[in-house]
Amino acid sequence: MSPEEQLRIFDRFARLGKRQSDGSGLGLAIVKAFTKAHRGKIALESQLGKGSTFTITLPLSTQFGTVS
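Structure report, in brief. Since we're looking at a predicted model, the values are computed, not measured. (Residues numbered from 1 in each chain as written. Predicted model: local features only at pLDDT ≥ 70, side-chain atom pairs only at ≥ 80, totals over all residues. Heavy atoms only, no water.)

### Focus: the overall build of the protein
Helix and strand counts for the protein stand at 2 helices and 4 strands. Counting only residues that meet the buried cut, the protein has 16% of its 68 residues in that class. For the protein, contacts bridging at least 24 residues in sequence account for 24% of all contacts bridging at least 6. Roughly 5,700 Å² of accessible area belongs to the protein as shown, and the carbon and sulfur atoms make up 55% of that amount. (Helix = DSSP H or I, 4+ residues; strand = E, 2+ residues; numbered from the N terminus. Buried < 20%, exposed > 50% of the residue type's maximum accessible area, 1.4 Å probe, protein only. Contact = heavy atoms within 4.5 Å. Areas by Shrake-Rupley, 256 points an atom, 1.4 Å probe, with all protein chains shown as cover.)

### Description of the pairing of strand β1 (residues 41-47)
Here 7 bridges tie β1 to strand β2 (residues 51-57), and the two strands are oriented antiparallel to one another. By the bridge assignment, Ile 42 is partnered in β2 with Ile 56. In this structure, the hairpin formed by β1 and β2 is closed by a connection of 3 residues, where Gly 49 is found at a positive phi of approximately 80 degrees. (Pairing = 2+ DSSP bridges.)

### Quick notes on the packing of aromatic side chains
Enumeration over the complete set of coordinates arrives at 1 aromatic pair. Where Phe 10 meets Phe 54, the ring centres are 6.1 Å apart and the plane angle is 90 degrees; that geometry is what we call edge-to-face. Placement of the pair is Phe 10 in the loop between α1 (3-8) and α2 (27-37) and Phe 54 in strand β2, with a sequence separation of 44 residues. (Phe/Tyr/Trp six-rings, centres within 6.5 Å; stacked < 30°, edge-to-face > 60°.)

### Re the environment of Leu 26
Here Leu 26 shows up in the loop between α1 and α2. Put simply, Leu 26 and Phe 13 are 13 residues apart on the chain and 5.3 Å apart in space, counted from C-alpha to C-alpha. In this view, Leu 26 contacts Arg 12 and Phe 13; residues no more than four positions away in its chain are not counted.

By themselves, these observations are geometric and do not establish any function.
Shown next as structure tokens:
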């Protein structure tokens, strides 16, 4: 994924790549909103032509305290 695409990937209705007929471009925007609503973080690492990795970190609570 190019650096320009990485800047837009979490935008609503962003559909990147050659196969623009699939999906509405809302999936990652929804994931980002859900993650933010739960005080979490989402990160993207990408190498053009090799692939991308998305990492979501959420604070979790248990009856014994917080788990990170």
